[in-house]
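# Analysis of the macromolecular model
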Amino acid sequence: MIPKVGPDTTADEVVGHLQDAGCVIVESLASDEVMDRIGAELEPALAETGTNNTKFSGLRTKRFNGVLSRVPASHELALQPLVLEVAGQMLLPYCTNFQLNYEGIMHLMPGESAQKLHRDSFIYPIRQPAPANTIATMWAASDFTAENGGTLIVPGSHRWDHDHHPAPGQAISTEMPRGSVVIYQSGIFHGAGPNVSDAPRSGIALHYNFAWLRQELNMYLMYPPDVARTFSPKLQRLIGYDFAGPYLGFIDGGSPQQLLDDRRTSETRERTTPQLDEAYEALEPIRFGP
Ligand SMILES: O=C(O)CCC(=O)C(=O)O
């Protein structure tokens, strides 16, 4: 079973489910007003997107990145306070700050078949089970149902051995109304479901991970300074215009965020901040090797 909570849930409750089941649905977390704006911005972007993908990405799926510039109302989802609090509780024991690791539209057209089940942790050579390095969110831009390809998830699989793969029929469909979000951690087996309905299933994937890991999507090329400059300072930092820890990710003038705002160039040229130093001191270093 995929645990389900309402929009008035707490970060502690959501984190509890992420630790136990590895996944959780938060129903109707985004308002109709936000989802209407997203829908209106998505429409022209989807109209100019083809289904020209690989078998893994879906031969009948429309996908695109650059969601933050093509669908500006998605900023509300990327910066959703409950999600950020949950990501923080899950990730901050192992990093001084976390980042947006991936963003993308996954729009399954009728007739799409099921995607191969996989773990997001596979992009890094980390043996499972291991603490979550990524917290994935998949927002429902349309209702998600078992018929239209609601994400297939194998609850509890974040505890499995590295080489243990799901048996046929073990995955459960994510069923949730538009504006809801399913959150799952990187050790969870999941994949897009088959769309046997006569309408598309539209999802917005926003993933967060340790700032010290290489991002899955190259955010600096996707959002070069001229584009990132139009985002809020908080979103700029979240996509990577920030230190990734003390002495990590700096430019000549200190924080890379200074590239985006001339007024900041007179500020500190330090390669860290007191807050980062303090957060770093509180971390338990991760053991690498036996
Ligand atoms: O579209 C979905 O429901 C999940 C897609 C996914 O997990 C992926 O493409 O990696």
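Predicted model, so just to flag it, every value in this text is computed and none were measured.

## Description of the sheet that holds strand S2 (residues 23-26)
- The strand order across the open sheet formed by seven strands is S1-S2-S8-S5-S10-S4-S3, and the pairing between neighbours is mixed. Strand pairing shows two members of the sheet lacking a second neighbour, strand S1 (4-5) and strand S3 (61-64), which therefore form its edges.
- In this fold helix H1 (residues 11-20) packs onto S1, S2 and strand S8 (181-185), with an angle of close to 145° to the strand it touches most, S2.

## A look at the site of the ligand
- Near the ligand you find Arg63, Met106, Gln115, His118, Met138, Thr151, His190, Ala192 and Arg201, and these make up its full shell.
- A distance of 2.8 Å is found between an oxygen atom of the ligand and a side-chain nitrogen or oxygen belonging to Arg63.
- In isolation the ligand exposes 300 Å². Once the protein is present, 93% of that is buried.
- Class assignment for the residues of the shell around the ligand results in three nonpolar, four polar and two charged.

## Some thoughts on the packing of aromatic side chains
- For the structure on display, the rule yields seven aromatic pairs.
- Taking 6.0 Å as the distance between ring centres and 40° as the angle between the ring planes, the aromatic pair formed by Trp160 and Phe189 counts as tilted. Of this pair, Trp160 sits in the loop between strand S6 (152-153) and strand S7 (172-173) while Phe189 sits in the loop between S8 and strand S9 (190-191), and the two are 29 residues apart along the sequence.
- Residues Phe210 and Trp212 carry aromatic rings whose centres are separated by 5.0 Å and whose planes lie at 20° to one another, so their mutual orientation is stacked.
- Classification of Trp212 as partly exposed rests on a relative accessible area of 39%.
- Members of the aromatic cluster, each reached through a chain of ring pairs, are Tyr94, Phe210 and Trp212.
- The ring of Phe64 has Arg70 lying over it, and the distance from NZ or CZ to the ring centre is 4.3 Å.

## Here we look at the side chain of Thr272
- Within the fold, Thr272 resides in the loop between helix H8 (233-238) and helix H9 (274-282).
- Within polar-contact distance, the side chain of Thr272 engages the side chain of Asp277 at 2.8 Å.
- Sequence-distant contacts of Thr272, defined by excluding residues within four places in its chain, comprise Phe243, Pro246, Tyr247 and Asp277.

## Considering the nonpolar core
- The biggest cluster of nonpolar side chains holds 72 residues, and the ones touching the most others in it are Tyr208 and Ile239.
- Counting residues per element, this core draws most heavily on helix H5 (residues 81-91), which supplies seven residues.
- The residues contacting Ile239, other than those within four sequence positions of it, are Leu68, Leu100, Gln215, Met219, Tyr223, Ala228 and Phe231.

## A short note on the pairing of S8
- In terms of burial, S8 is largely enclosed, as five of its five residues are buried.
- Here S8 shows two buried faces, one formed by Val181, Ile183 and Gln185 and the other by Val182 and Tyr184.
- Bridging between strand S5 (residues 134-140) and S8 involves five bridges; their strand directions are antiparallel. Pairing of Ala136 across the sheet is with Tyr184, part of S8.

## A closer look at a nonpolar patch on the surface
- Where nonpolar side chains cluster on the molecular surface, the patch consists of Trp212, Leu248 and Ile286 and spans about 280 Å² of accessible area.
- Examined against the element boundaries, Trp212 turns out to sit in the loop between strand S10 (201-210) and helix H6 (219-222).

## As for the pattern of salt bridges
- A full pass over the atoms with the stated rule returns seven salt bridges.
- Put simply, Asp32, Asp36 and Arg178 are held in one network by salt bridges that share partners.

## Description of the domain arrangement of the protein chain
- For the protein chain, the assigned domains read domain 1 (4-219) and domain 2 (223-282).
- Relative placement of domain 1 and domain 2: their C-alpha centres are 27 Å apart.
- Across the contact, 19 residues belong to domain 1 and 18 residues belong to domain 2.
- Interface area, domain 1 with domain 2, both sides summed: about 1,400 Å², of which 67% is carbon and sulfur.
- Area buried by domain 1 at its contact with domain 2 is led by Leu79, Thr96 and Met219, which between them contribute 39% of it.
- Where domain 1 touches domain 2, the interface holds zero salt bridges.

Reading guide: rules and limits
Residues numbered from 1 in each chain as written. Predicted model: local features only at pLDDT ≥ 70, side-chain atom pairs only at ≥ 80, totals over all residues. Heavy atoms only, no water. Pairing = 2+ DSSP bridges. Helix = DSSP H or I, 4+ residues; strand = E, 2+ residues; numbered from the N terminus. Contact = heavy atoms within 4.5 Å. Axes fitted to C-alpha atoms, helices over the stretch in contact; angles between N-to-C directions. Near = heavy atom within 4 Å. Polar contact = N/O pair within 3.5 Å; in protein donor to acceptor, adjacent residues only side chain to side chain. Areas by Shrake-Rupley, 256 points an atom, 1.4 Å probe, with all protein chains shown as cover. Nonpolar A, V, L, I, M, F, W, Y, C, P; charged D, E, K, R; others polar. Phe/Tyr/Trp six-rings, centres within 6.5 Å; stacked < 30°, edge-to-face > 60°. Buried < 20%, exposed > 50% of the residue type's maximum accessible area, 1.4 Å probe, protein only. Lys NZ or Arg CZ within 6 Å of the ring centre and 35° of its normal. Core = buried A, V, L, I, M, F, W, Y, C linked by side-chain atoms within 4.5 Å. Patch = residues over 30% accessible without salt bridge, like charges linked within 9 Å, V, L, I, M, F, W, Y side chains within 5 Å. Salt bridge = Lys/Arg side-chain N within 4 Å of Asp/Glu carboxyl O. Domains from an automatic or database assignment. Buried area = accessible area lost by both parts, 1.4 Å probe.

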